[in-house]
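# Inside the fold
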Number of protein chains: 2
Amino acid sequence: MTDRLDQQRIVHAAIEFIDQKGLHALTMRRLGAFLGVEAMALYRYVPSREDLLDGVVDAVLDALHHDPEVHLHAEHGWQDYLQRLAHGIRRIALDHPAVFPLVATRPPAAPWIRPPLRSLRWLESFFTVLEGAGFSDDGAVRAYRAYTTFLLGHLLLEVSHRGPMTDDEDDDGDDEAPAAGPSDMGLENYPHLRALESLLDQDESVAEFEEALESLLDRLEMRVRRRGRRGR
Amino acid sequence: MTDRLDQQRIVHAAIEFIDQKGLHALTMRRLGAFLGVEAMALYRYVPSREDLLDGVVDAVLDALHHDPEVHLHAEHGWQDYLQRLAHGIRRIALDHPAVFPLVATRPPAAPWIRPPLRSLRWLESFFTVLEGAGFSDDGAVRAYRAYTTFLLGHLLLEVSHRGPMTDDEDDDGDDEAPAAGPSDMGLENYPHLRALESLLDQDESVAEFEEALESLLDRLEMRVRRRGRRGR
DNA sequence: ACCTGAACACCGTTCAAGT
DNA sequence: ACCTGAACACCGTTCAAGT
């Protein structure tokens, strides 16, 4: 029925599986069944579940390399580049909301690799662009840290709203707790929260992403202009 | 030998256990042994492992309520308050680096609750202070989103450098891979990375935290001043 | 009232055995 | 060459039984 197994097929099946049923549902045995094979067959191609998860993270981020929107158009400058890169990573996060927490929290290969920018190739291109644009070494590294902090925080929070369904397995009946009303959870004693609830519930993530990203780039821009002050 | 069991004792033992051996090592059976009891005894006080983890997150954040540095000194204004709150949460993250990823990624009780600010009590106080300081509803909510984004991203990245040892279990021998040199991992083809490696390796998290926090507060300040422009 | 032992269904992983 | 079956050590969780 199914074609032959290989590492790529397994990793991509794992991604599909996680996107559909959530990370917590992924077991070697279920992934085997998903592929029409016994779990034990996977071990021909993948050394362990942990390595499989690393493979999933790498494969998901690999899409960046094939994203035409991100490819360097040097003429538009470093801000354009950081914008494209950020949007490319955001697209990945939104495509695989259930995988992104893995991208965010798997221990990176080296301590100075900061998710969600997890590959040496992208780091190299990041620094190439910034130094080409006149950033000092120190300025480029500080930009890298601020940029990754923002991406990680924003995307993790944005994506957590979009898990694969309510996570309560199969919803196999009418035994849900009464839940005390649509969106009530003891707000009686928190007047500000009650007043702000509808505002809090709105999804403004696109606008916030653009705005915060722009403001970050502005901050970095100011640092390039007065650069050297702190350069060693 | 040990005192009697109760939920508090179990949750705090779990925190200690995670801090010592890492999240991945926490199983009901091992936690039982840690407490001098069979795993099954825990189920008298804790409905499930998932609930235990929720309890861990709550308990760790509860320290904020007893942190004298954070308690409201209204006379010093909203910026002082957000500074104290941020530093309080940072202290918690650094005290429990192996627990913080849980704080960051456990699905919150409501979709508008954004880690690491996970309790209605702190949200209420956050909004009380900001609205008292003249923020519009919209401005306060946007401040909340930007503030949590920053805290989550920064602390998750800062804390990931400080896991509980190398995570390779017991280090039970000399069978470590040769590792090809102290800090080498194929950097040959990445000249910028090689040049920046020593800078990248430096830990500047304190300075970056202060600086980025201050810049965030400045940005918010600018928004209060021209407030109303976007208030619906 | 509180803990234990035995049991169940499920894991990750190994390895000899089948085709 | 590639997959399977059986097995091992370990999970979370339930429940009748012990003290």
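Up top is the structure these notes are about.
The present account deals with the structure reproduced in this document. The shown structure was predicted, so the numbers you read here are calculated from the model rather than taken from an experiment.

Before going further, it helps to examine the relation of the copies chain A and chain B. For the pair chain A and chain B, the best superposition has an RMSD of 0.0 Å and corresponds to a rotation of 180° with a translation of 0.0 Å parallel to the axis. The relationship between the two copies is best expressed as a two-fold rotation axis. When each C-alpha of chain A is compared by its distance to the rotation axis, Gly 153 of chain A comes out closest, at 1.9 Å.

All told, the structure shown has 14 aromatic pairs over all chains when counted by the stated rule. Judged by centre distance (5.4 Å) and plane angle (50°), the ring pair of Phe 126 of chain A and Tyr 147 of chain A falls under tilted. Placement of Phe 126 of chain A in helix α7 (residues 120–132) and of Tyr 147 of chain A in helix α8 (residues 137–160) is noted, with a sequence separation of 21 residues between them. We classify Tyr 147 of chain A as buried; its relative accessible area is 0%. Among the aromatic residues, those joined into a ring-pair cluster are Phe 126, Phe 127, Tyr 144 and Tyr 147 of chain A. The positively charged end of Arg 90 of chain B is found above the aromatic ring belonging to Phe 209 of chain B, 5.3 Å away from the centroid.

Close to DNA strand C lie 17 residues; Arg 29 and Tyr 43 of chain A together with Glu 38, Arg 44 and Tyr 45 of chain B are nearest. The share of sugar and phosphate among atoms of DNA strand C within 4 Å of the protein is 54%. Here a phosphate oxygen of DNA strand C sits 2.9 Å away from a polar atom, N or O, in the main chain of Met 28 of chain A. Glu 38 of chain B places a main-chain nitrogen or oxygen 2.8 Å from a phosphate oxygen of DNA strand C. The set of elements that each furnish at least two residues to the surface near DNA strand C consists of α2 (28–34) of chain A together with α3 (39–42) of chain B.

Take the interface of chain A and chain B next. Taken together, the contact between chain A and chain B spans 49 residues of the former and 49 residues of the latter. At the boundary of chain A with chain B, total buried surface from both sides reaches about 4,800 Å², with 67% on carbon and sulfur atoms. Of all residues in chain A, the largest losses of buried area upon contact with chain B belong to Trp 112, Leu 157 and Leu 200 of chain A, amounting jointly to 15% of the total for that side. At the boundary of chain A and chain B, one finds six salt bridges. For Arg 142 of chain B, the salt bridge is made with Glu 211 of chain A, and the minimal N-O distance between the two is 3.0 Å. At the surface where chain A touches chain B, the tally comes to 22 residue pairs in polar contact (both at pLDDT 80 or more). Listing elements by their share of the side of chain A that touches chain B, those giving two or more residues are α7, α8, α9 (191–201) and α10 (205–225) of chain A. The leading source of residues in the side of chain A that touches chain B is α8 of chain A, at 14 residues. Here the side of chain A that touches chain B is built from residues that sort into 24 nonpolar, 10 polar and 15 charged.

Taken together, 17 residues lie near DNA strand D, and Glu 38, Arg 44 and Tyr 45 of chain A together with Arg 29 and Tyr 43 of chain B sit nearest. Backbone atoms, meaning sugar plus phosphate, form 55% of the atoms of DNA strand D positioned within 4 Å of the protein. Within the side chain of Tyr 43 of chain B, an N or O atom sits 2.8 Å from a phosphate oxygen of DNA strand D. Contributions of two or more residues to the surface near DNA strand D are made by α3 (39–42) of chain A together with α2 (28–34) of chain B. The element that contributes the greatest number of residues to the surface near DNA strand D is α2 of chain B, accounting for three residues. In terms of residue class, the surface near DNA strand D is made up of eight nonpolar, two polar and seven charged.

If charged atoms from side chains of opposite charge come close, those side chains can pair. Under the defined criterion, the tally for this structure stands at 18 salt bridges over all chains. The closest approach of N and O atoms between Asp 54 of chain A and Arg 106 of chain A, which form a salt bridge, is 2.9 Å. Of this pair, Asp 54 of chain A sits in helix α4 (residues 49–62) while Arg 106 of chain A sits in the loop between α6 (100–105) and α7, and the two are 52 residues apart along the sequence. Classification of Arg 106 of chain A as buried rests on a relative accessible area of 12%. Salt bridges here are not isolated pairs; linked through shared partners, they connect Asp 138, Arg 142 and Arg 223 of chain A together with Glu 211 of chain B.

Turning our eyes to something else, we now look at the packing of helix α1 (residues 7–21) of chain A against α4 of chain A. Residues and elements named next belong to chain A. The geometry of α1 relative to α4 is characterised by a closest axis approach of 9 Å and an angle of 85° between their N-to-C directions. In terms of orientation, α1 lies roughly perpendicular with respect to α4. Facing α1, whose interface residues are Ile 10, Val 11, His 12, Ala 14, Ile 15 and Ile 18, α4 presents Leu 52, Gly 55, Val 56, Ala 59 and Val 60. When grouped by side-chain class, the residues that make up the contact of α1 with α4 number nine nonpolar, two polar and no charged.

Time to look at empty space enclosed by the protein. Residues and elements named next belong to chain A. Summed over the entire model, instances satisfying the criterion amount to one cavity of 30 Å³ or more. If you go around the largest cavity, the residues you meet are Leu 61, Leu 64, Ile 89, Pro 116, Leu 117, Arg 118, Ser 119 and Trp 122. Across the lining of the largest cavity, the residue classes break down as six nonpolar, one polar and one charged.

The rules behind each value
Residues numbered from 1 in each chain as written. Chains lettered and ligands numbered in written order. Predicted model: local features only at pLDDT ≥ 70, side-chain atom pairs only at ≥ 80, totals over all residues. Heavy atoms only, no water. Least-squares fit on C-alpha atoms with pLDDT ≥ 70 in both. Phe/Tyr/Trp six-rings, centres within 6.5 Å; stacked < 30°, edge-to-face > 60°. Helix = DSSP H or I, 4+ residues; strand = E, 2+ residues; numbered from the N terminus. Buried < 20%, exposed > 50% of the residue type's maximum accessible area, 1.4 Å probe, protein only. Lys NZ or Arg CZ within 6 Å of the ring centre and 35° of its normal. Near = heavy atom within 4 Å. Polar contact = N/O pair within 3.5 Å; in protein donor to acceptor, adjacent residues only side chain to side chain. Contact = heavy atoms within 4.5 Å. Buried area = accessible area lost by both parts, 1.4 Å probe. Salt bridge = Lys/Arg side-chain N within 4 Å of Asp/Glu carboxyl O. Nonpolar A, V, L, I, M, F, W, Y, C, P; charged D, E, K, R; others polar. Axes fitted to C-alpha atoms, helices over the stretch in contact; angles between N-to-C directions. Parallel < 35°, antiparallel > 145°, perpendicular 65-115°, else oblique. 1 Å grid on protein atoms, 1.4 Å probe; cavity = no way out; pocket = protein on both sides within 12 Å on 5 of 7 lines; lining within 4 Å. Points joined across faces, edges and corners; volume = space filled by probe spheres on them.

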